[in-house]
Every structure is written in structure tokens, then in C-alpha cells.
Amino acid sequence: MDIAEIDERFKINTNIEINDIVWYNSANKPFEVYGAVGTNPYIRMPLDTAEKVSGAVLSLCRHTAGIRIRFRTDSPYIAIHSEWQGITTMSHMAVTGQAGFDLYSLDFDGIGQSFVGTYIPWRDAEKGFESVLYVKNEMTDYILNFPLYNSVDRLYIGLAGNASFEKPSKYMNELPIVFYGTSITQGGCASRPGNSYQAFLSRMFNIDYVNLGFSGSGRAEDEMISYLAGLSMAAFVSDYDYNADNAGHLGETHDKLYDAVRAKHPDIPYIMLTGSGRTHLAERDKRRQIIMNTYSRAIDLGDTNVYFIDGTTLFTGDEWQACTVDNVHPNDMGFYCFAKALYPVLRMIINNKKFGRQ
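It should be emphasised that the depicted structure is a prediction, and the values quoted were computed from it without experimental measurement.

Thresholds, definitions, all that
- Residues numbered from 1 in each chain as written.
- Predicted model: local features only at pLDDT ≥ 70, side-chain atom pairs only at ≥ 80, totals over all residues.
- Heavy atoms only, no water.
- Pairing = 2+ DSSP bridges.
- Helix = DSSP H or I, 4+ residues; strand = E, 2+ residues; numbered from the N terminus.
- Axes fitted to C-alpha atoms, helices over the stretch in contact; angles between N-to-C directions.
- Contact = heavy atoms within 4.5 Å.
- Polar contact = N/O pair within 3.5 Å; in protein donor to acceptor, adjacent residues only side chain to side chain.
- Phe/Tyr/Trp six-rings, centres within 6.5 Å; stacked < 30°, edge-to-face > 60°.
- Buried < 20%, exposed > 50% of the residue type's maximum accessible area, 1.4 Å probe, protein only.

How should the sheet that holds strand E12 (residues 209–213) be read in this particular structure?
Either a parallel or an antiparallel arrangement is found when strands of a sheet pair, and the pairing is made through backbone hydrogen bonds. Within the open sheet, the five strands sit side by side as E12-E11-E13-E14-E15. Their pairing is parallel. Here the strands that pair on one side only, and so sit at the sheet edges, are E12 and strand E15 (306–309). Strand-to-strand, the axes of this sheet are offset by a mean angle of 15°, without reference to chain direction. Where helix H5 (residues 197–205) meets the sheet, its contacts fall on strand E11 (177–181), E12, strand E13 (235–239) and strand E14 (270–273), and the angle it forms with E12 comes to roughly 170°. Together, E11, E14 and E15 form the strand contacts of helix H10 (residues 332–351), whose direction differs from that of E15 by roughly 160°.

Written out as C-alpha cells, the structure is:
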């Protein structure tokens, strides 16, 4: 049964019949692309580097988690035409989070953002899809969030032919915050891209970021450590606890990752996050202690810009019952709890002007 035949509010708006529409390649100016190292296709890290890390990372770096475009227009509608080689589907994650896009408008002060709507693909959109949202007919800055668990080969933005189209405002930080980690870091299982925890934080602070979460594959290999340390960034968040094969593997890599990033970036904020799970408690507590040991060692070495967040405190009481889809992967409420836990740390960093300079 097609529920849209019963309830019209579930119909997907994918039929674009607008006479004055003009299509623009989102990889070109004045669009500003964030979170990507390449466009057409959009990728999160260089393919030759990803291949050296693992086959899984080579595949997953084509997923567009954290990639965004910013633009400014007074068009009364904003349409998208996306192209890809296939659509990712998972039984416990909404297709809107896996392969959808969502749109936000910026408030007049350039900081606050308002949710406009979601571009919803149909489940058998094997080669891509089209969709349109109608917006306020005045000059406005927009941020379009890309899918969390799907590739995007090309994306075109459709605007009214007589609409103005300008360079958008910028993020507060010139260099991005880099998040490295797991499927949770990548955004599983948010209902739409704007509900990943990095997207929440980006809206809270008007900050740019790079999402280097790799589902099941955040293992801090030597090649990955070298790549991460070489990035230009304002801050670094280590969130790969869940994907370390075991406590021993985490112990072998956690100090190594910290040391490599600190050698290249002696002054930037470094945030360490532990897993949030409530299963396998003995193993979880061993992992937590390993991360705490790295943090304590950094403090002993005189690091005054390192921070520890205990993932076991992110969800408490009834919140825990409502925050995940499978006792591991957060839903939207769970990701908001992640963002709330990171908020005071980032607020302190920003207020104290502790973002590093390159």
C-alpha cells in the first residue's frame, strides 16, 4: 500500500514544472562548498589517500556527510537536481537521512538558522532525484546539507530566471573543526542531514566543520593518522572509540593519534570523546580509561587546550531509552544530546579565543 494515496501530506514533491527555472552547477561560484575536498563527484578525502587506509574508507569517503553549500538568493523557490550511481538504503535509518538533502535559511545576524524543509528522495531513486521547496521571496542566505550515507556525483540548483544570486556570508571560523570517528560521527541514524551532531553545533555557533566519520571503519590506521595530522583545522575532535577493534587496539592508536596531531598543531583545541554505549560494560570502561589516560598524559605534558568528554554521560535516565534506534546509533534526540554535551566545551573555547592559528 502507498500511504501517499491515503494521506496527501506524505506525497513527495518531485515533479518540477516551472517555466522560468534556471539550473546552476553547485560546484561553481558563487556557491561556496564546505566539507569536501572534491566536487563532481563530491568526496570527503582524496581517493588515493583513502585507498591506502582501507577499501571501506575508499567507499565511504564518497558519502557526503557534512558536505554543505552556502548561497544567497531572492528566488521564490529553490530546486535541486541530484545525480548519483545508486541509493543507499538501511532498515534502521530514514531515507531522508541517508540520501536526502535539507535546507536552512540564515537569520539577519548571520548566526541563527531556520529549518526550511527537506528534499525527500524516493526509495528507488537509483540515479538521483529532483525536488523543490518554496521559500520567502527576499534576499536570503541558505545552507544546503548533503546526504549522510549516499554519494552525490553532481548537484544542480534551480532558481527563478529573474532571481538575484550572490556570494553568501561566511562561517565564524576561517578553518574548520575536524571530526574523526565512526558511524555515529558520520550521522547514523539521524532522520535528515541537519540533525547530525556536527550540524547542530554548526548552527549553534555558525562554525564550519569537516565530517570524517566512517561507518564501522574509524580505526586510526597509520595512513589515516598521517592524513588527519596534515589537515588545516581550527580544532580536532577524536570520536572513534566504537570502531577500535578492542581495548588493546584503542590503546595502541589513541596516544599515537594525539601525538601526531599535536606535532603538527601544537595550539589547537583537541577534544577526546568516549563511546556512549551501555552494552559490554567491562570493555566500555576499559576503553573509557584508555582515553582518559591519553587526556591525563596530555595534561601532564603541559597541554592547556585539551578536553575530555565522557560519552557515558550523554544520555541519562529515560533519555537513554529514547535516544537511539538500536542501543548504539543515536536518533535525532540522541544527536541533540551529543551537541549539548559538546556545546559548553566549544563555547569556552570560542569565548577564550582558543581556536588555533595556522
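It is not clear to me how unusual backbone geometry should be interpreted in this structure. Could you clarify?
A negative phi angle characterises most non-glycine residues, just as the trans form characterises most peptide bonds. Following Lys29, the chain continues to Pro30 via a peptide bond in cis, the omega torsion being 5°. For Pro30, the location among the structural elements is in the loop between strand E1 (21–25) and strand E2 (32–34). The amide bond that connects Asn40 to the next residue, Pro41, takes the cis arrangement and shows omega of 5°. Structurally, the position occupied by Pro41 is in the loop between E2 and helix H1 (47–53). For Asn40, which is not glycine, the phi dihedral falls at a positive 55°. If you trace the backbone, Asn40 turns up in the loop between E2 and H1.

Looking at this structure, how should I read the side chain of Thr96?
Within the fold, Thr96 resides in helix H3 (residues 95–98). Within the structure, Thr96 has its side chain in polar contact with the backbone oxygen of Ser191 (distance 2.4 Å). Residues in contact with Thr96, not counting those within four places in the same chain, are Thr118, Ile120, Ser191, Arg192 and Pro193.

Looking at this structure, I do not really get the sheet that holds E1. What am I missing?
If you walk across this open sheet you meet the four strands as E1-E9-E4-E7, and the pairing is antiparallel. Each having just a single partner strand, E1 and strand E7 (128–134) make up the two edges of the open sheet. Here the average twist between neighbouring strands, direction ignored, is 20°. Where E1 and strand E9 (residues 154–160) come together, five bridges link them in antiparallel fashion. When the bridges of E9 are listed, Tyr24 appears paired with Ile157.

Would you take a moment to explain the packing of aromatic side chains for this structure?
Remark: the centre distance and the inter-plane angle together describe each pair of aromatic rings, the angle taken between the planes. Enumeration according to the criterion identifies 24 aromatic pairs in this entry. With centroids separated by 6.2 Å and ring planes inclined at 45°, the aromatic side chains of Phe101 and Phe129 adopt a geometry described as tilted. Placement of the pair is Phe101 in strand E5 (residues 101–106) and Phe129 in strand E7, with a sequence separation of 28 residues. Phe129 matches Phe101 in its accessibility class, with the two residues each being buried. A centroid spacing of 5.2 Å and a plane angle of 55° characterise the contact between Phe236 and Tyr270, whose relative ring orientation is tilted. Of the two residues, Phe236 sits in strand E13 while Tyr270 sits in strand E14, which places them 34 residues apart along the sequence. In this structure Phe236 comes out as buried when scored by relative accessible area, which is 0%. Tyr270 sits in the buried class, given a relative accessible area of 0%. Each member of the aromatic cluster is reached from another via a ring pair, and the members are Tyr42, Trp84, Phe101, Trp122, Phe129 and Phe146.

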